[in-house]
Amino acid sequence: MSKPKKIKPKKYTLTLSEREALRLGRYAEALGVSRPLALQRMMKQALREAADLPVGKEDTNQLGLFDTLQIDIFNNTAVVKE
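Looking only at helices and strands, the protein chain has two helices and two strands in total. For the protein chain, the succession of helices and strands along the chain, N to C, is α-α-β-β. Every one of the 82 residues in the protein chain was classed for burial, and the buried ones make up 4%. In the form shown here, the protein chain has an accessible surface area of approximately 8,800 Å², with 57% of it arising from carbon and sulfur atoms.

Right, let's talk about the confidence of the model for the protein chain for a bit. Note: predicted coordinates in regions of low pLDDT should not be interpreted at a detailed level. Summary statistics for the protein chain give a mean pLDDT of 81 and a share of 67% for residues scoring 70 or more. The secondary-structure element of the protein chain with the lowest mean pLDDT is strand E2 (residues 77–80), recorded at 64, while helix H1 (residues 18–31) shows the highest, at 96.

Bringing the packing of H1 against helix H2 (residues 35–52) into the picture now. Where H1 meets H2, the closest approach of the two axes is 9 Å, and the angle between their N-to-C directions is 90 degrees. Relative to H2, the element H1 lies roughly perpendicular. Each of Leu24, Gly25, Tyr27, Ala28 and Leu31 in H1 lies in contact with H2, whose residues at this interface are Arg35, Ala38, Leu39, Arg41 and Met42. Here the contact of H1 with H2 is built from residues that sort into seven nonpolar, one polar and two charged.

About the cut-offs
Each chain has its residues counted from 1, following the order in which its sequence is written. In keeping with the model being predicted, local features are shown solely for residues with a pLDDT of at least 70 and side-chain atom pairs are shown and tallied solely at 80 or more, while totals for entire chains, interfaces and linings include all residues. Hydrogens are left out, water is left out, and the side-chain values use all remaining heavy atoms of the structure. Counting from the N terminus, the helices are the DSSP runs of H or I reaching at least four residues and the strands are the DSSP runs of E reaching at least two. Note on exposure labels: buried denotes an accessible area under 20% of the residue type's maximum, exposed denotes more than 50%, and partly exposed covers the range between, all computed with a 1.4 Å probe on protein chains only. In this description, accessible areas are obtained by the Shrake-Rupley approach with a 1.4 Å probe, and a residue is regarded as covered only by the protein chains that are shown. A score from 0 to 100, pLDDT tells how confident the predictor is in each residue. Here the axes come from fitting lines to C-alpha atoms, over the contacting stretch only for helices, and the angles between their N-to-C directions go from 0 to 180 degrees. With respect to orientation, any angle under 35 degrees is reported as roughly parallel, any angle over 145 as roughly antiparallel, any angle of 65 to 115 as roughly perpendicular, and every other angle as oblique. The contact definition used throughout considers only heavy atoms, calling two residues in contact when any of these lie within 4.5 Å. Residue polarity follows a fixed list, in which Ala, Val, Leu, Ile, Met, Phe, Trp, Tyr, Cys and Pro are nonpolar, Asp, Glu, Lys and Arg are charged, and the others, Gly among them, are polar.

Take a look at the structure:
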């Protein structure tokens, strides 16, 4: 039997301005954790909130090649959705 593969966490680099770094330091100090852990918690919370947002409605016909156009008497066009 082979050993199960260990999943490696992805590492990302983040560049903060001096002011943002100070804010992060104060935030981490208020929580009593390290700055990397504070960043990790903030990212997880933001990603959870982003996952709850409704996904934009996809257009069923992305190319729009076969859309039915309707022209009124004033020569205005409108796409007919069935």
